[in-house]
Amino acid sequence: MLAGEIRAVLEAKADALVRRAATDLAALLDPGFVYVNARGLRFDKANYVETYCASGAVAFREQRFRDLDVSPFAGFAVATMAVDDRFVSDGREVVGAYRALCVFSKAGDRWLWAAGQTMTV
């Protein structure tokens, strides 16, 4: 059940990225959100939404998840997974396979993406 709930958040995040729906994406992120991308750059919530969704600097075409493993903790969950991305960055199409670690916080009856780190495979 927990893995299904976390997968639903991840899929909603991927959908918001592809649609460039900044408001929808922001609603899935914890207020204290922090992310480190595969290039080692750090983003807070506002920077992540702006860079990966609103600005058009990165335009996702597709994001898929494989090998999702979710571990529950008191008030939060940690997920590891393989991520297959297809996006345009600086006018160049990028297709990549990544490993990711994501932390989700429990906010009432829903899960929010609180932190993550992605690395190349």
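In this convention, every chain numbers its residues from 1, walking through the sequence in written order. Local features are withheld for residues below a pLDDT of 70 in this predicted model, meaning they are given only at 70 or higher, and side-chain atom pairs are given and counted only at 80 or more; totals for whole chains, interfaces and linings count all residues. Note that the side-chain values use all heavy atoms of the structure and ignore hydrogens as well as water.

(A) Up close: the sheet that holds strand E5 (residues 92–107). By definition, two strands form a pair when at least two bridges between them are found by DSSP. In this description a helix means any DSSP run of H or I spanning at least four residues, a strand means any run of E spanning at least two, and both kinds are numbered starting from the N terminus. Strand order across the open sheet formed by 6 strands is E2-E1-E6-E5-E4-E3, with mixed pairing between neighbours. Across the chains shown, the open sheet's two edge strands, defined by having one partner strand only, are strand E2 (42–44) and strand E3 (58–73). Here the average twist between neighbouring strands, direction ignored, is 20 degrees. On top of the sheet, helix H1 (residues 2–19) reaches E3, strand E4 (76–89), E5 and strand E6 (110–120); it is set at about 165 degrees to E3, its chief contact. Axis definition: a line fitted to C-alpha atoms, limited for helices to the stretch in contact. Angles are taken between N-to-C directions and run from 0 to 180 degrees. Should any heavy atoms of two residues lie within 4.5 Å, those residues are considered in contact.

(B) Main features of the layout of surface pockets. Both cavities and pockets are sets of points on a 1 Å grid over the protein atoms alone; in a cavity a 1.4 Å probe fits but cannot get out, in a pocket the set is open with protein on both sides within 12 Å along at least five of seven lines, and lining residues sit with an atom within 4 Å of a point. Grid points are joined across faces, edges and corners, and a volume is the space filled by probe spheres set on the points. In this structure, the largest pocket encloses a volume near 530 Å³. Surrounding the largest pocket, 29 residues form its lining, Asn-37, Ala-38, Tyr-52, Phe-87 and Tyr-98 being those nearest its centre. Contributions of two or more residues to the lining of the largest pocket are made by H1, helix H3 (45–54), E3, E4, E5 and E6. Only Asp, Glu, Lys and Arg are considered charged in this grouping, and only Ala, Val, Leu, Ile, Met, Phe, Trp, Tyr, Cys and Pro are considered nonpolar; every other residue, Gly among them, is considered polar. By residue class, the composition of the lining of the largest pocket is 19 nonpolar, 5 polar and 5 charged.

(C) A look at unusual backbone geometry. One non-glycine residue, Arg-20, lies in positive phi territory at about 55 degrees. What makes Arg-20 partly exposed here is its relative accessible area of 40%. At Asp-67, a position not held by glycine, the phi torsion is positive, near 55 degrees. When you line up the elements, Asp-67 lands in strand E3. The buried label applies to any residue whose accessible area, calculated with a 1.4 Å probe on protein chains only, is under 20% of its type's maximum; exposed applies above 50%, and partly exposed to all values in between.

(D) Examining the pairing of E4 more closely. Taken across its 14 residues, E4 has 10 buried, putting it largely inside the fold. Counting the residues between successive antiparallel strands, the hairpin from E3 to E4 contains 2 residues, one of them, Gly-75, with a positive phi of roughly 85 degrees. Pairing between E4 and E5: 14 bridges, direction antiparallel. Within E5, the residue paired with Phe-76 across the bridge is Ser-105. Adjacent in sequence and paired antiparallel, E4 and E5 are bridged by 2 residues, among which Asp-90 carries a positive phi angle near 55 degrees.

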